[in-house]
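# Residue-level structural notes
Single-letter residue listing:
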Amino acid sequence: MAARSTINREVKLARHSTAELLAEHFAVKECDVPTPCQDDVVVRNRWFRVSVSTRLMAREGAEAIEGIPFPPLRPGDTLADAAIGEVIHSGSTSGVAVGSLVMHSLGWREFAVVRGSECTVLESRNTDPAAFLGHGWTAYAALTQGVQIHQGDTVFVSSGAGAIGSMAGQIARQLGAGRVIGSTSTPDKAHWMATELGYDAVVTRGNGPLIDQLKRAAPDGIDVIVDMVGGEQLSASIAVANEGARCVLLGALTAELDSKRATLQAPVELDGFQIILKGMTLRGFSASEDASDMFDAWIHQQEAWQREGVIQLPCTIFKGIEQAPLALQEACAGRLKGVVLVEL
Ligand SMILES: NC(=O)c1ccc[n+]([C@@H]2O[C@H](COP(=O)([O-])OP(=O)(O)OC[C@H]3O[C@@H](n4cnc5c(N)ncnc54)[C@H](OP(=O)(O)O)[C@@H]3O)[C@@H](O)[C@H]2O)c1
């Protein structure tokens, strides 16, 4: 392949945003594909993931954060996220054959030049991109390594329609949960969660006090909390938790997607007495830091669950790289379901 002569289209940060992230903060630019060295492969990307965490990195003054696999962005920087594509050129020492389907971390561009050692070769060419790029594995790792589900438990998943949440609710059921409750923002999403994802009840933010909604949704209390949101949703679920309840904290969307200012500070008021008297356990968990070895286990487990027809991989797909900034805007605004992918 004459890599240098191939025009690449990449999505770059046009300017920082402290408030809402809009498509106009990004620009799709044409540039040359970098020259690969002998250890590199050139990948024609087919899908890449769009993550709301990008918002933290698009703030002015953003710094690298351990546990968040994206670098801080400056105007002119190309965005990055997990991607799947086909190897169209292979350096002599890259160790990856031309034609291989690989997963790597340089999405948001049509062609990526990646070290062969930083690619994961996918065995099957007919793979569902949502199984690999989605957050099923994050949810699976959190629900097997971060917290234990006991048979018949009532489980509450905040942001239950999101990339992690849409998988966590389904996985909790397969691991033995008796009642699964989720949270979302709109009646439309709540209906989808109940009918498609099997949630027994859904509470909606902005629809009255969460604590009252949760008491109605979980009349026998909550045993396991899978929290992606923080704020009122976390404090209300702890107030409704049972003795011995376990809580795994995965994200803080209230802070990350605050409409005025994305921030890494996510203060929340919790009733310490409740936690002590109920003997509760609260654990922060990062799948990539605490359980990166769970990825293969997830791929095998989801294949088995898919064969049984007991799980689905919810996904919103945008087609074409020019749609990618809009995909991020819509994801941050809460208008999408499941993992968000761009197909090229
Ligand atoms: N610990 C880990 O290993 C790990 C890995 C990846 C990501 N994360 C973190 O986990 C969290 C969830 O990630 P995700 O990719 O699954 O995100 P997500 O749930 O898909 O996030 C988008 C959703 O957030 C909700 N939302 C939007 N604005 C909100 C606000 N102001 N307050 C509360 N919710 C709001 C909306 O859902 P509704 O409209 O349904 O409310 C929206 O659809 C993030 O904080 C992310 O950084 C953790």
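Here's what I pulled together on the structure shown here. On a predicted model such as this, the values are computed, not experimentally measured, just so you know. Starting from 1, residues in each chain are numbered consecutively following that chain's sequence as written. Predicted model: local features are reported for residues with pLDDT of at least 70 only, side-chain atom pairs are reported and counted for 80 or more only, and whole-chain, interface and lining totals are derived from all residues. The basis for the side-chain values is all heavy atoms of the structure; hydrogens and waters are excluded.

### Some words on the packing of helix α6 (residues 210-217) against helix α7 (residues 231-239)
Threshold: Orientation is described by axes fitted as lines to C-alpha atoms, over the contacting stretch for helices, and by angles from 0 to 180 degrees between their N-to-C directions. Secondary structure follows DSSP: runs of H or I at least 4 residues long count as helices, runs of E at least 2 residues long count as strands, and numbering of each begins at the N terminus. With respect to orientation, any angle under 35 degrees is reported as roughly parallel, any angle over 145 as roughly antiparallel, any angle of 65 to 115 as roughly perpendicular, and every other angle as oblique. For any helix crossing, the convention is left-handed if the near helix is rotated counterclockwise from the far helix by under a right angle, and right-handed if that rotation is clockwise. The contact definition used throughout considers only heavy atoms, calling two residues in contact when any of these lie within 4.5 Å.
Two numbers describe how α6 lies on α7: the axes approach to 9 Å, and their chain directions differ by 45°. Between α6 and α7, the angle is such that the two are oblique. In the crossing of α6 with α7, the sense of the turn from one axis to the other is right-handed. Here L210, I211 and L214 of α6 come into contact with α7, specifically with E232, Q233, A236, S237 and A239.

### Overview of the pairing of strand β3 (residues 40-50)
The condition that has to hold: Throughout, exposure labels follow a simple rule: accessible area from a 1.4 Å probe, protein chains only, divided by the maximum for the residue type, with under 20% read as buried, over 50% as exposed, and the rest as partly exposed. Note on pairing: two strands pair once DSSP finds at least 2 bridges between them.
Most of β3 sits inside the fold, with 9 of its 11 residues counted as buried. Sheet analysis places β3 next to strand β4 (residues 83-90), joined by 7 bridges and oriented antiparallel. Each bridged residue has a counterpart across the sheet, and for V41 the counterpart in β4 is S90. One ladder, built from 4 bridges, connects β3 with strand β15 (residues 339-343); its direction is antiparallel. In the sheet register, W47 faces β15, and the bridge partner there is E343.

### Topic: the nonpolar core
Going by this rule: Joining through side-chain atoms within 4.5 Å is the link that ties buried Ala, Val, Leu, Ile, Met, Phe, Trp, Tyr and Cys residues into a set, and such a set is a nonpolar core.
I84, F132, L143, V155, I171, V226 and W298 are the most contacted members of the largest nonpolar core, which totals 50 residues. If one sorts the elements of this core by residue count, helix α3 (residues 136-146) sits on top with 6 residues. In contact with V226, other than residues within four places in its own chain, are L143, V155, F156, V157, S158, A168, V248 and L250. Of all hydrophobic cores here, the second largest spans 24 residues; its members include A324, L328, L336 and V342.

These figures capture arrangement, not role.
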